[in-house]
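# Structural overview
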Amino acid sequence: MGHRTLSSNGFGTTTSTATARHSDAATICAHAGIGSGDGQPLVTPLCASTTFCRDGVGSQAEHQYSRVSNPTVAALEDALAQLEDAAGSVCFGSGLAAETALFLATLRSGDHAVCARSVYGGTTRLIREIFGHLGVESTFVDATDAKAIEEAVIPGRTKLVFVETPANPTLELTDIRAAARAARQSGALLAVDNTFLTSVLQKPLDLGADVSVYSTTKFIEGHSVATGGALVSRDPALLEKLRFTRKCTGGIQAPFNAWETLRGLKTLALRVQRQSATAERVAAWLAERSEIGVVYHPSRPRDVAQRAIADRQHLGAKGSRHGAVVTIELGGEYALATAAAFCRALKLCRLVEHVGSTETLVTHPATMTHADVPPEQRAAAGVSDGLVRISVGLEEPDEIIADLARGIDAARAAATGRSGETGRSGDASSRQRRSPAEVCA
Ligand SMILES: Cc1ncc(COP(=O)(O)O)c(C=O)c1O
């Protein structure tokens, strides 16, 4: 495409995209924000200034005020756009700030949105609790079924279809091309949350999406030090609307966080390829453990249709192209206690609300990321009490596996102990009355 406008890095030189165009993701990442020119900094400097001098009244300086644009943020925006051969990208203070701007820019009271039922819990909360109260109607669908999206679209009223693939936390896949066709039927836009794979492993815009959505807080920054969000598009008019919305609502990313994100971006390709390869190995090992009900990872698709989507959409070398997130289901009647025991026993992996960092991280979605999702939708999306999400890191794979083995031993002991308790008391109703906090403690 190559119709991006290039930005100055605020120190009198343009960033690398001005001097050479690269097509390989690893090269684009390594060169993210680097400068050129005699005596100019190689690395995009952190420009912490909130405002910029003007030659005179009416000056059209590229950067005027850092709520509207900033050279460090612009360097990150250039790199993210280049990764998807896009017209531009717009960066925000978090993934949810980016989604908020997208919804504000595309939806009005009385409009309708279709959203996948399997998405990050904060996205569901935003659509239901904030945009629902602003008069936007929404329908949550099983987005693995393109027909369900098609049937949910209301011609003339549906303005946005929002999917996440692989979905958080069940890793269900949506056929992006089919979703784009369904959206187009009513003139709606298709937004794809590509946080889990990033543009290294999946390029939604190449598959017909109008906008790629990112929590850059995750894999893109990759070191758990800076929150951020980004919207990437090939549509200049949509980008203009998004920038205008950001200017009006003030959700731009802080320059320091953009600078940290640029630094993380340099190793993105390397990290996600290695983490995906380890995740595939971890998923295969977990699948052999009889204590685990189900192992979700796109390298082990649940049916032929999902396999076809993974083969078509995911990019990169075989064995390292399906992402670093693996989700397991510790089943049975005591799922919550078993999942809690698993998490508690880990010594290497950390229990946090996060994915995409250098360390292996585990999350219990039902009580953490998806706690605010209505229980019926959580059940429909398959987010059970026994689900544990694992974001595989950069550690030696055997050490990750040894730690997970510790978790599985503890889970088995917890499940056995609980069934022993039942044998003694037989009081199932008293167990059910315990709160998640009590069970996890
Ligand atoms: C897939 C996905 N999208 C969006 C978000 C929201 O991003 P942020 O936490 O940066 O607001 C998250 C957060 O966990 C996420 O996992």
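Use the structure listed above.
Rules used in this analysis
Residues numbered from 1 in each chain as written. Predicted model: local features only at pLDDT ≥ 70, side-chain atom pairs only at ≥ 80, totals over all residues. Helix = DSSP H or I, 4+ residues; strand = E, 2+ residues; numbered from the N terminus. Buried ≥ 20, exposed ≤ 12 C-beta atoms within 10 Å, placed from the backbone. Contact = placed C-beta atoms within 7 Å. Near = placed C-beta within 6 Å. Nonpolar A, V, L, I, M, F, W, Y, C, P; charged D, E, K, R; others polar. Core = buried A, V, L, I, M, F, W, Y, C linked by C-beta atoms within 7 Å. Domains from an automatic or database assignment. Pairing = 2+ DSSP bridges. Axes fitted to C-alpha atoms, helices over the stretch in contact; angles between N-to-C directions. Parallel < 35°, antiparallel > 145°, perpendicular 65-115°, else oblique. Left-handed = near helix turned anticlockwise from the far one by under 90°.

Let's shift gears to the overall build of the protein chain. A count of helices and strands for the protein chain gives 16 helices and twelve strands. Residues counted as buried form 54% of the 441 residues belonging to the protein chain. Within the protein chain, counting contacts between residues at least 6 apart in sequence, those at least 24 apart form 74% of the total.

On to the environment of E329. Secondary-structure assignment places E329 in strand β9 (residues 325-329). Counting along the chain gives 36 residues from E329 to G293, while the straight-line C-alpha distance between them is 5.3 Å.

What follows covers the site of the ligand. Around the ligand, the structure places 14 residues, and the nearest of them are S94, G95, Y120, S215 and T217. Its residues placed into classes, the shell around the ligand shows two nonpolar, ten polar and two charged.

Of all hydrophobic cores here, the largest spans 121 residues; its most connected members are L102, I149, V161, A179, A191 and V326. Looking at this core, you find at least three residues from each of domain 1 (16-265) and domain 2 (268-440).

Taken in spatial order, the five strands of this open sheet run β8-β9-β12-β11-β10, and their pairing is mixed. Looking at which strands have only one partner, the edges of the open sheet turn out to be β8 (294-296) and β10 (350-351). For β10 and strand β11 (residues 361-363), the ladder comprises two bridges, and the chain directions are parallel. In the sheet register, L351 faces β11, and the bridge partner there is V362.

Another point: the packing of helix α3 (residues 95-106) against helix α8 (residues 236-249). In contact at an axis separation of 9 Å, α3 and α8 are set at 110 degrees when each is read in the N-to-C sense. Put simply, α3 runs roughly perpendicular to α8. Crossing hand, α3 versus α8: right-handed. For the pair α3 and α8, the contacting residues are A101, L102, L104 and A105 in the first and K241, L242, T245, R246 and T249 in the second. Along the lines of polarity and charge, the residues of the contact of α3 with α8 split into five nonpolar, two polar and two charged.

Turning our attention to the pairing of strand β4 (residues 158-164). Counting buried residues in β4 gives seven out of seven residues, a clear majority hidden from the surface. When strand β2 (residues 112-116) meets β4, the two strands line up parallel, connected through four bridges. Following the sheet pairing, H112 is matched in β4 by T158. Taken together, the five bridges between β4 and strand β5 (residues 189-193) define a ladder with parallel strand orientation.

A cis geometry characterises the amide bond from T165 onward to P166, with omega recorded as -5 degrees. Position of P166 relative to the elements: it lies in the loop between β4 and α6 (176-184). Along the chain, N168 connects to P169 via a cis peptide bond; the corresponding omega equals 5 degrees. Tracing the chain through its elements places P169 in the loop between β4 and α6. Located in the positive-phi region is L171, a residue other than glycine, with phi close to 65 degrees. When you line up the elements, L171 lands in the loop between β4 and α6. With a phi angle near 65 degrees, T198 is a residue other than glycine that sits in the positive phi range. Mapped onto the fold, T198 is located in helix α7 (residues 198-201).

Looking now at the sheet that holds β2. Taken together, the seven strands give an open sheet; going across it, the order is β1-β7-β6-β5-β4-β2-β3, and neighbouring strands pair in mixed fashion. Single-partner strands in this sheet number two, and they are β1 (88-92) and β3 (137-141). The mean inter-strand angle of the sheet, taken between neighbouring strand axes irrespective of direction, is 20 degrees. The strands touched by α6 are β4 and β5; relative to β5, the strand with the most contacts, the crossing angle is about 150 degrees. The sheet contacts of α8 involve β1, β6 (211-215) and β7 (229-233), and relative to β1 the element is tilted by about 20 degrees.

Note on placement: Y120 falls in the loop between β2 and α4 (121-131). Owing to 25 C-beta atoms within 10 Å, Y120 belongs among the buried residues under this scheme. For Y120 and D193, which are 73 residues apart along the polypeptide, the C-alpha to C-alpha distance reads 9.3 Å.

Turning next to the pairing of β9. Counting buried positions along β9 gives four out of five residues, so the element sits mostly inside the fold. The pairing of β8 with β9 spans three bridges and is antiparallel. Following the sheet pairing, V294 is matched in β9 by E329. Summarising the sheet, β9 and strand β12 (residues 387-391) pair through five bridges and their orientation is antiparallel. Residue pairing in the sheet places V325 in a bridge with S391 of β12.

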